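In case you want the letters, here they are:
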Amino acid sequence: MDAAKMVADLVAWLQEEAAKAGAKGAVLGLSGGIDSAVVANLCRLAFPDNCLGLIMPCHSDPADAEDAHLVARHLELPVVEVVLDDIYDRLVLLLTGQPFSPGKRNLALANLKPRLRMLTLYFHANERNYLVVGTGNRSELTVGYFTKYGDGGVDLLPLANLVKSQVRELARYLKLPERIIGKPPTAGLWAGQTDEGEMGITYEDLDRYILTGQAPPAVKEKIEAMAAASAHKRRLPLTPPF
Ligand SMILES: Nc1ncnc2c1ncn2[C@@H]1O[C@H](COP(=O)(O)OP(=O)(O)OC[C@H]2O[C@@H]([n+]3cccc(C(=O)O)c3)[C@H](O)[C@@H]2O)[C@@H](O)[C@H]1O
Ligand SMILES: Nc1ncnc2c1ncn2[C@@H]1O[C@H](COP(=O)(O)OP(=O)(O)OP(=O)(O)O)[C@@H](O)[C@H]1O
Ligand SMILES: [Mg+2]
């Protein structure tokens, strides 16, 4: 991949799509992870004066917000911090009748976090005439490793055609802080969660399979099953065929 050309092309694409939409700029969630750091850098280049990062902890590891602030300082990106802990607790109590308990792992409750971030992002997009720029990459999109209408609920997906290792290549080219490039990918939905641990496949295997079709048979089977099971997340809602 020619990283310099890819960055220039993605910046131009963001500008074109915003212009077509009559939008002035971009808002994105800044997690402290590599995907949002790369997207933030692209948005900063595309919309130097009309770009906003939202840092939205929701019972998150405080180190994540520190890393997000590190990225924001590095890029001189304006940020707003919106702490979602209280609203999340109220929602959990309302929906389950039980107070939130951090020890219990429950995917339906975990998925509320990216969905609260989605509505926060759209509030700012509506208010400022910005588009919501998502951070999903080709590896995550292929296997459906995102929350439908949560982090999947966005307007533009600049990294959609790049696998995780290519996103890392862009991050290195952009000279993002090494600490951000080197940390293990996590959705941050519960303590100790990692993408590879939860998916049960490594990005190395996933990326190789996407790029070459090559993977050990068990891995191939798993990726294909995940891709098929998540097809509904990559299309519009079904409508009756009559
Ligand atoms: N065939 C079908 N046709 C139409 N809709 C279908 C469907 N099957 C399920 N659905 C719907 O989809 C729902 C399940 O999808 P969804 O709600 O997304 O939930 P689900 O895929 O179960 O969970 C989201 C996954 O993404 C991971 N994640 C989330 C957020 C960020 C990141 C990250 O990398 O940062 C990763 C998270 O850890 C978890 O493994 C079902 O409850 C149902 O409403
Ligand atoms: N605490 C947070 N504050 C703001 N946005 C967040 C937060 N957590 C997640 N997000 C948003 O959800 C997106 C999806 O998370 P994901 O973990 O896939 O990406 P990442 O954190 O940027 O990179 P990595 O996958 O390497 O952890 C993030 O890129 C970011 O836009
Ligand atoms: Mg992350």
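Because the structure is predicted, anything quoted here is derived from the model rather than measured. (Residues numbered from 1 in each chain as written. Chains lettered and ligands numbered in written order. Predicted model: local features only at pLDDT ≥ 70, side-chain atom pairs only at ≥ 80, totals over all residues.)

**Regarding the overall build of the protein**
Of the regular secondary structure elements, the protein holds 12 helices and four strands. Taken over the C-alpha trace, the protein has a radius of gyration of 18 Å; the compact-globule value for 242 residues is 18 Å, and the two agree within 12%. Considering only C-alpha atoms, the protein reaches an extent of 50 × 45 × 45 Å along its principal axes. Here the protein holds 242 residues, and the buried ones make up 37% of them. Looking at the protein alone, contacts between residues at least 24 apart form 71% of all its contacts between residues at least 6 apart. (Helix = DSSP H or I, 4+ residues; strand = E, 2+ residues; numbered from the N terminus. Rg over C-alpha atoms; globule rule 2.2 N^0.38 Å. Buried ≥ 20, exposed ≤ 12 C-beta atoms within 10 Å, placed from the backbone. Contact = placed C-beta atoms within 7 Å.)

**Observations concerning helix α8 (residues 164-173)**
Within α8, burial applies to K164, Q166, V167, R168, L170 and A171. Buried residues in α8 make contact with α1 (3-21), α2 (34-46), α7 (138-143), α9 (178-182) and α11 (203-212). Just downstream of α8, K175 is the residue with a positive phi angle, here 60°.

**Focus on the site of ligand 1**
Surveying the vicinity of ligand 1 reveals 16 residues, the closest of which are P114, T147, K148, A187 and H232. When its residues are assigned to classes, the shell around ligand 1 shows six nonpolar, five polar and five charged. (Near = placed C-beta within 6 Å. Nonpolar A, V, L, I, M, F, W, Y, C, P; charged D, E, K, R; others polar.)

**Observations concerning the confidence of the model for the protein**
Looking at the protein, the pLDDT average stands at 97 and 100% of residues meet or exceed 70. Two summary scores accompany this predicted model of the complex, namely pTM at 0.97 and ipTM at 0.98. (pLDDT = per-residue confidence, 0-100.)

**Looking at α2**
A rise of 1.5 Å per residue sets the reference length of α2, with its 13 residues, at 18 Å; its end C-alpha atoms lie 18 Å apart and thus fit the reference within 8%. For α2, a buried count of 12 out of 13 residues is recorded, marking the element as mostly surrounded by other parts of the structure. Residues I34, D35, S36, A37, V38, V39, A40, N41, L42, C43, R44 and A46 constitute the buried set of α2. Residues of α2 that are buried make contact with α1, β1 (25-29), β2 (51-55), α3 (62-75), α8 and α9. (Expected span 1.5 Å × (residues − 1).)

**Some remarks on the UniProt feature "binding site: deamido-NAD(+)" (unreviewed entry) in the protein**
As recorded in UniProt, the sites labelled "binding site: deamido-NAD(+)" (unreviewed entry) are R115, K148, D155, H232 and K233. Locating K148 in the fold gives a position in the loop between α7 and α8. You can call K148 partly exposed: it has 15 C-beta atoms within 10 Å. Along the polypeptide, D155 turns up in the loop between α7 and α8. Overall, D155 belongs to the partly exposed group, with 18 C-beta atoms counted inside 10 Å. Residues in contact with D155, not counting those within four places in the same chain, are L131, V132 and V133. (UniProt positions renumbered as here; feature names shortened; annotations may be inferred.)

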